[in-house]
Structures are given as structure tokens and as C-alpha cells.
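Next come the chains, spelled out residue by residue.
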Amino acid sequence: MRERWLSRRALTLHAAVVLWVPGCLMAGWWQVTRALGGNGLSYLYSVEWPVFALVGIWMWWSLIHTDPETVGARAQRRLASARARAGMLPVPPERRPEEEDAELAAYNDRLAQLAADGRPKTWRTPQ
């Protein structure tokens, strides 16, 4: 819980929403004063800016409660299950051992092992 609300990423998001929401509300109030002064288009903007503030709050809440480590894994699992249902799993090509040197064969074996693990391919996941 503490990591969710007090991590560096979370504190950056808190700072962003603390600046974003009052800024949008001030811009909305400014548009209200312009609309009352006779600018008809400002009526639309006076509604739009508070909506932007609400979208900012929604994005802040979503980003705070989203674990960046699991987002890619969920997407990879959905993609793999959709491909399996559609019969679109890739067939590994036939390799000819006489055409590969030892270093290339070891590299290809490592790639095949990583593909078989099914882990998400992210920069955070050590390979």
C-alpha cells in the first residue's frame, strides 16, 4: 500500500494532479467570465475545462492503481490466448544444424527458451 501511494512514480503523479486540476478549474472560471462578458464560444469552454479536470483525476487514479509490471503480462496472455483460439500459433522453422555455427545455435536455443517461457518482453524483465 505504501509503495502504491508514496513511490517516486506516485509522488510525481500526485504533483501532476495537484497542478492540473486547479489549473483546469481556473481556466474554466476564466472562460465563465469571458462568456458572461459576451463571448458565446466561451460557454462551451467553460464546461470543457472542468471536464478536463475530471479526466485528469480519472487518469491519476488509474495510473496509481495500475501496476506497470503486470500490464504487459496481461496483454501478452490475452494475445497468446487469442492466437491459440484462432490457431495462429507460430510454427518454429526447421533448423539445419550443419548450417549454423556453435555460437549462433546457442543464441537460437536461448531465444527458443525465452519464447517458450511466455514471459512478457519488457525492459524491466531480466532475460
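Placed above this text is the structure.
Presented here is an overview of the structure given in this document.

Here is what the cut-offs are and how they apply
Residues numbered from 1 in each chain as written. Predicted model: local features only at pLDDT ≥ 70, side-chain atom pairs only at ≥ 80, totals over all residues. Heavy atoms only, no water. Axes fitted to C-alpha atoms, helices over the stretch in contact; angles between N-to-C directions. Helix = DSSP H or I, 4+ residues; strand = E, 2+ residues; numbered from the N terminus. Parallel < 35°, antiparallel > 145°, perpendicular 65-115°, else oblique. Nonpolar A, V, L, I, M, F, W, Y, C, P; charged D, E, K, R; others polar. Phe/Tyr/Trp six-rings, centres within 6.5 Å; stacked < 30°, edge-to-face > 60°. Buried < 20%, exposed > 50% of the residue type's maximum accessible area, 1.4 Å probe, protein only. Expected span 1.5 Å × (residues − 1). Contact = heavy atoms within 4.5 Å. Patch = residues over 30% accessible without salt bridge, like charges linked within 9 Å, V, L, I, M, F, W, Y side chains within 5 Å. Areas by Shrake-Rupley, 256 points an atom, 1.4 Å probe, with all protein chains shown as cover. Salt bridge = Lys/Arg side-chain N within 4 Å of Asp/Glu carboxyl O. Core = buried A, V, L, I, M, F, W, Y, C linked by side-chain atoms within 4.5 Å.

### Overview of the packing of helix H2 (residues 8-36) against helix H3 (residues 41-64)
Point 1. Remark: H2 packs on H3, axes separated minimally by 7 Å, with the N-to-C direction vectors making an angle of 170°. The orientation of H2 with respect to H3, classified from their angle, is roughly antiparallel.
Point 2. Classifying every residue of the contact of H2 with H3 by side-chain character gives 21 nonpolar, six polar and two charged.

### Some remarks on the packing of aromatic side chains
Point 1. Taken as a whole and assessed by the stated rule, the structure comprises four aromatic pairs.
Point 2. Measuring from ring centre to ring centre gives 5.3 Å for Trp49 and Phe52, while their planes differ by 85°; the resulting arrangement is edge-to-face. Taken together, the residues span about one helical turn, with Trp49 and Phe52 both in helix H3 at a distance of three residues.
Point 3. Look at Trp49 and you get partly exposed, because its relative accessible area is 26%.
Point 4. Judged by its relative accessible area of 34%, Phe52 is partly exposed.

### Quick look at H3
Point 1. The first and last C-alpha atoms of H3 sit 35 Å apart over 24 residues, in line with the 34 Å expected at 1.5 Å per residue.
Point 2. Among the residues of H3, Ser42, Ser46, Ala53, Gly56, Trp60 and Ile64 are the ones counted as buried.
Point 3. Considering only its buried residues, H3 is in contact with helix H1 (2-6) and H2.

### Notes on a nonpolar patch on the surface
Point 1. Taken together, the side chains of Val47, Val51, Val55, Trp58, Met59 and Leu63 make up a nonpolar region of the molecular surface, amounting to roughly 540 Å² of accessible area.
Point 2. Judged by relative accessible area, Leu63 falls into the partly exposed class, the value being 33%.

### Topic: the nonpolar core
Point 1. Core analysis: the largest hydrophobic core is formed by eight residues, namely Ala10, Leu13, Val17, Val21, Cys24, Ala53, Trp60 and Ile64.
Point 2. Among the elements of the structure, H2 and H3 are those that each provide at least two residues to this core.
Point 3. Broken down by element, the residue count for this core peaks at five residues, all from H2.
Point 4. Apart from residues no more than four positions distant in its own chain, Trp60 is found in contact with Trp5, Leu13, His14 and Val17.

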